[in-house]
Amino acid sequence: MDAPGISFIALAIAFGLLIFALCLSGVRRFNLRRALGTVDASICVAGNSWQMGVCRYQDNDLEWFRLISLSVRPKYTFKRSSLELLGRRKPTEAEAVKVQPDVVIVELRYEGQDLHFAMKFDAYTGLSSWLEAGPVIGVGTWR
């Protein structure tokens, strides 16, 4: 086989693998969003840059998955009992170009570390309700 034929086959295989990875990413996102208790939410941890992703509510955990990833495991897992809702605000001018339009910035504290979620207002109300409905740290007490 000549050199142009080998390079064409190598390019075809690379293109096929790229298409396969994109399809897997799409299937992963579809499966994440199909489950109950999931919302689109960007995250900013410890002043780093914003990352787009999907939040999923579990019984006692809030899981956050990267939007563009093939991993089935969450990048961050937050214990419900350790999350503290500090409030919400509109995005600043600098944040507005980095997050989706028409979102609120939700300020949270997790084990002494500040983190921010950018999500739609209805997703914020769901998050605040989920946090308020959870058990308080202690034996047999609820909020």
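Predicted model only: the values in this text are computed from it and were never measured.

## A few points about the pairing of strand S4 (residues 61-66)
One face of the sheet, then the other: side chains in a regular strand alternate in exactly this way. Judged by how many residues are buried, S4 sits mostly within the fold: five of six residues are covered. Two elements, strand S3 (residues 53-57) and S4, share five bridges in a ladder whose sense is antiparallel. Bridge pairing in S4 links Arg56 to Glu63. In terms of strand pairing, S4 meets strand S5 (residues 76-79) through four bridges, oriented antiparallel. Its bridge partner being in S5, Asp61 is matched across the sheet by Lys79.

## Here's the deal with a nonpolar patch on the surface
Residues Phe8, Ile9, Ile13 and Leu17 make up a contiguous nonpolar surface patch of roughly 440 Å² in combined accessible area. Counting through the fold element by element, Ile13 comes out in helix H1 (residues 3-34).

Reading guide: rules and limits
- Numbering of residues starts from 1 in each chain and follows the order in which that chain's sequence is written.
- Side-chain atom pairs in this predicted model are given and counted only at pLDDT of 80 or more, local residue features only at pLDDT of at least 70, and totals for whole chains, interfaces and linings cover all residues.
- Values reported for side chains reflect all heavy atoms of the structure, with hydrogen atoms and water molecules removed beforehand.
- The buried label goes to any residue with under 20% of its type's maximum accessible area, the exposed label to any with over 50%, and the partly exposed label to all in between, with areas taken from a 1.4 Å probe on protein chains only.
- Labels follow the DSSP assignment, with helices taken as runs of H or I lasting at least four residues and strands as runs of E lasting at least two, numbered in each case from the N terminus.
- When DSSP finds at least two bridges between two strands, those strands are taken to pair.
- Residues qualify for a patch when their relative accessible area is over 30% and they have no salt bridge, like charges being joined within 9 Å and the nonpolar side chains of Val, Leu, Ile, Met, Phe, Trp and Tyr within 5 Å.
- Accessibility throughout is a Shrake-Rupley quantity obtained with a 1.4 Å probe, and a residue counts as covered only by protein chains that appear here.
- Put simply, a salt bridge is a Lys or Arg side-chain nitrogen that is within 4 Å of an Asp or Glu carboxyl oxygen.

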